[in-house]
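Below are the chains, spelled out letter by letter.
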Amino acid sequence: MLAAVTGRANRSQKDVWWYVRTAIFVLACFPFIMMVVGVVQNDLGADPARTLAQDSGRWTLRFLLLSLSITPLREMFRLVALAPLRRTLGLYALFYATVHFLVYILFLLELRWSEIGSDILERPYITVGFVAFLILIALGVTSSKSMVRRLGHRWKPLHRLVYLAIVLAVMHLIWILRTDLFDAFFYGGLALLLLCYRLFRSVSKKFFKPLAG
């Protein structure tokens, strides 16, 4: 009897998470669909390439911030079930970062491959954006359970690079927007809050646990 009840509870929980993941997938894909629709309908303003680059960059940053917000929400409100969403949202950040990079290659550089290296080396905003992109690729590749097991104790230090990625992404946005800095400071403020929370948590664990013991 107890086994049957437990089995039904597990199935019910799996069903809930299936609906949650499906909803997140639909919502996460919606901005990309709207970008494609904008391209097809030629409805992206006077500079479509710049609009696509800015939109995909903003969504990369938004999903990064959402991913980083999972831990504070989980810890402050004891929502343990949120934990798997951090990886999911992080992978969507990587997806939009890839779209952002492809827009840069296809529409801004127009496949002039010889200019990629010089852009990365000579333009600071391209440099920091590219480094952030490489970090997200590394985190995405090593985000599976099998990679967690394979990397062992090295996995956590590697994935702490996401904090560097968010800082570089904000710097990239500030350089791109230049005069229109509201978005950059808004997202930068959110990133600062999330990073300060992690710093406070780390310091608290280091100094207050020995006192409690």
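To keep things clear, this report deals only with the structure shown in the data block.

## Overview of a nonpolar patch on the surface
On the surface, Phe 32, Ile 33, Val 36, Val 37, Val 40 and Phe 95 cluster together into a nonpolar patch covering about 480 Å² of accessible area. Counting residues per element, the nonpolar patch draws most heavily on helix α1 (residues 2-40), at five residues. Position of Phe 32 relative to the elements: it lies in helix α1. The class of Phe 32 is partly exposed, set by a relative accessible area of 31%.

## Some words on the packing of helix α4 (residues 114-122) against helix α5 (residues 124-141)
Two elements in contact, α4 and α5, have axes whose closest approach is 5 Å; the angle formed by their N-to-C orientations is 100 degrees. Relative to α5, α4 is oriented roughly perpendicular. On α5, the residues that touch Asp 119, Ile 120, Leu 121 and Glu 122 of α4 are Pro 124, Ile 126, Thr 127 and Phe 130.

## Brief notes about helix α3 (residues 83-108)
Between its first and last C-alpha atoms α3 spans 37 Å; for 26 residues at 1.5 Å apiece the expected length is 38 Å, and the two agree. Of all the positions in α3, only Leu 85, Leu 89, Tyr 92, Ala 93, Leu 94, Tyr 96, Ala 97, Val 99, His 100, Val 103, Tyr 104 and Ile 105 are classed as buried. Phi turns positive, to about 55 degrees, at Glu 110, one or two residues after α3.

About the thresholds
- Residues numbered from 1 in each chain as written.
- Predicted model: local features only at pLDDT ≥ 70, side-chain atom pairs only at ≥ 80, totals over all residues.
- Heavy atoms only, no water.
- Patch = residues over 30% accessible without salt bridge, like charges linked within 9 Å, V, L, I, M, F, W, Y side chains within 5 Å.
- Areas by Shrake-Rupley, 256 points an atom, 1.4 Å probe, with all protein chains shown as cover.
- Salt bridge = Lys/Arg side-chain N within 4 Å of Asp/Glu carboxyl O.
- Helix = DSSP H or I, 4+ residues; strand = E, 2+ residues; numbered from the N terminus.
- Buried < 20%, exposed > 50% of the residue type's maximum accessible area, 1.4 Å probe, protein only.
- Axes fitted to C-alpha atoms, helices over the stretch in contact; angles between N-to-C directions.
- Parallel < 35°, antiparallel > 145°, perpendicular 65-115°, else oblique.
- Contact = heavy atoms within 4.5 Å.
- Expected span 1.5 Å × (residues − 1).

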